[in-house]
Amino acid sequence: MAAPAAIAHTGEGLSGGLLSGFVHPVRGWDHVAAMVAVGLWGTFLGRPAIWVLPVVFPLVMALGGAVGVLGLPLPGVETGIALSSVVLGALILGKVRMPLWGAAIIVGVFAIFHGYAHGIELPTAANPVSFAVGFVVATGLLHLAGIALGLVTTRPRGEVFVRAVGGLITAAGAGFLLGII
């Protein structure tokens, strides 16, 4: 009986610092799917996209987070987050290749929605800077996980596997969009 009350109490260390920011993105499957997808798509696009897209996303996400912290309105945030998984997963599934600038714009637009969600959900007692550092670091690690997963494309049937993962990300995004997941 004591455990649920202890878990419900979010002590000072977790409620607003680096650890809270770090945990925030990995607790939402909609964020995880999109962030892994950025790394996966980067592997299909090759160099320099494999590294540029995972840098663009957290930089622009931090800007979106600042907009959220300031409380400025941004319509369609949840829809934008769900669509990020649908679109990025479909780009992987379809093995879509495009110029780096176009890929960076797509990733950047979705990063704004993800960052805004993190910023607007910032706990009131939080240190915005340490919280932001936490969610940017977690995002980078999720991108690296996507890159690592995408590297199986060098193996026989690896590309088929990664494209199938893209299809799963798209399906999950559709589930997020429809409120099923």
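Presented here is a report on the structure given in the accompanying data block. (Residues numbered from 1 in each chain as written. Predicted model: local features only at pLDDT ≥ 70, side-chain atom pairs only at ≥ 80, totals over all residues. Heavy atoms only, no water.)

## Digging into the overall build of the chain
Here is step 1: Scanning the chain from N- to C-terminus turns up 9 helices and 0 strands.
Here is step 2: Listing the helices and strands of the chain from first to last along the sequence gives α-α-α-α-α-α-α-α-α.
Here is step 3: Residue pairs in contact within the chain that sit at least 24 positions apart in sequence constitute 83% of those at least 6 positions apart.
Here is step 4: For the chain, the exposed surface amounts to about 9,200 Å²; the carbon and sulfur share of it is 73%. (Helix = DSSP H or I, 4+ residues; strand = E, 2+ residues; numbered from the N terminus. Contact = heavy atoms within 4.5 Å. Areas by Shrake-Rupley, 256 points an atom, 1.4 Å probe, with all protein chains shown as cover.)

## Section: the nonpolar core
Here is step 1: Residues Leu40, Trp41, Leu53, Phe57, Leu88, Ile92 and Val107 are the most contacted members of the largest nonpolar core, which totals 34 residues.
Here is step 2: For this core, the secondary structure elements donating two or more residues are helix H4 (29-45), helix H5 (49-70), helix H6 (77-93), helix H7 (100-120), helix H8 (128-150) and helix H9 (158-178).
Here is step 3: In terms of residue count, H4 provides more of this core than any other element does, 11 residues in total.
Here is step 4: When residues no more than four places from it in sequence are discounted, the contact partners of Leu88 are Ala34, Ala37, Val38, Trp41, Ile106, Val107 and Phe110.
Here is step 5: With 5 residues, the next largest nonpolar core counts Val77, Ile81, Tyr116 and Ala117 among its residues. (Core = buried A, V, L, I, M, F, W, Y, C linked by side-chain atoms within 4.5 Å. Buried < 20%, exposed > 50% of the residue type's maximum accessible area, 1.4 Å probe, protein only.)

## Digging into helix H3 (residues 18-26)
Here is step 1: Burial in H3 covers these residues: Ser20, Gly21, His24 and Pro25. End-on, the buried residues of H3 take up no more than an arc of 125°, which puts them together on one face. (Arc of directions from axis to C-beta.)

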